[in-house]
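# Architecture at a glance
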Amino acid sequence: MFVCPLFSGSSGNATYVSSGSTRILVDCGGSCRAVERELQKLDVTLDSIDCILVTHAHSDHVKGLEIVSKRYHIPIYGSIGTWQELMRSYKIPSVKKENIRVFRTSGAQKTLDLGDLQATFFSTPHDALDSVGYVIDDGAAKFGFATDLGRVSPGVRQNMTGCDVVLLEANYDLKMLQNGPYPYPLKERIRGAYGHLSNDDSGKFAADLVQSGVKTLYLGHLSEHNNTIDLAYRTVCAQMQTEGVNPKSDCQIFMTRRHEASRALTF
């Protein structure tokens, strides 16, 4: 499997995943031009993408979705609640009907067959209707994707445990958030049970994941105003050490970039 976050952060999110002849994107939260540019660095074109998996309907995950799908005729998978929000809030009826793929998070079927890849979806605690994460499997390796987490729910923990590589949110530093410019209600929303995961909580969960067998972690979805790359890395590593995991010898940690492609992995 090949994985590369094209960009990750509060300003936009998109991740490229491929195996065999199947190529997909998780989220499309940048402009069509930005997605094209970062894929070109990987010698990949947008017209070769088989589908887009959407986690939820917040703009930093979907703002390029309509133009990309319309221009390249790419199927879009999302939960019922995600599609309801997309149709209501982002007005994307120009996506062709045959490219709209809807799944039920409440149903027994939790796996999407995407050719050489399978994607298992699971509910995530976030203030977007029917928000989900994904575990993408090619039969030999698993990539877990979970950002926009107010907390680590049992479902998130169960699905992410045992993956080979994960992209995990480390959104904010608590002191920076408390002392920053955001209004109080927004600060409370971010740190709430349906907001985002702090660096400290990310570090605790990262330690659990490594102990379950995860070998490599991407730390992603960093806040532009309430975090820095250095602070997120140092805090997560310190918390992992507190939990009995050595982040330098027990695993690899890569930081995602806000506006350009991050380290690509083949595993």
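On a predicted model such as this, the values are computed, not experimentally measured, just so you know.

Moving on: the packing of helix H8 (residues 199-212) against helix H9 (residues 229-242). Interhelical geometry of H8 versus H9 gives an angle of 50° and a closest axis separation of 8 Å. Judged by the inter-axis angle, H8 sits oblique to H9. When you trace H8 past H9, the crossing you get is right-handed. Counted together, Asn199, Asp200, Ser202, Gly203, Lys204, Ala206, Ala207 and Val210 of H8 and Leu231, Ala232, Thr235, Val236, Gln239 and Met240 of H9 form the full contact between these two elements. Looking at the contact of H8 with H9 residue by residue, the class counts come to seven nonpolar, five polar and two charged.

In this section: the sheet that holds strand E6 (residues 100-103). The strand order across the open sheet formed by seven strands is E6-E5-E4-E3-E2-E1-E14, and the pairing between neighbours is mixed. Lying at the two open borders of the sheet, with one neighbouring strand each, are E6 and strand E14 (265-266). Relative to E14, strand E1 (residues 2-7) runs antiparallel, the two being bridged by two bridges. Looking at the pairing, Val3 lines up with Leu265 of E14. Each of E1, strand E2 (14-19) and strand E3 (22-26) is contacted by helix H1 (residues 32-40), which is oriented at about 140° to E1, the strand it contacts most. Sheet contacts for helix H4 (residues 80-89): strand E5 (76-79) and E6; angle to E5, the most-contacted strand, approximately 105°.

Reading guide: rules and limits
- Residues numbered from 1 in each chain as written.
- Predicted model: local features only at pLDDT ≥ 70, side-chain atom pairs only at ≥ 80, totals over all residues.
- Heavy atoms only, no water.
- Axes fitted to C-alpha atoms, helices over the stretch in contact; angles between N-to-C directions.
- Helix = DSSP H or I, 4+ residues; strand = E, 2+ residues; numbered from the N terminus.
- Parallel < 35°, antiparallel > 145°, perpendicular 65-115°, else oblique.
- Left-handed = near helix turned anticlockwise from the far one by under 90°.
- Contact = heavy atoms within 4.5 Å.
- Nonpolar A, V, L, I, M, F, W, Y, C, P; charged D, E, K, R; others polar.
- Pairing = 2+ DSSP bridges.

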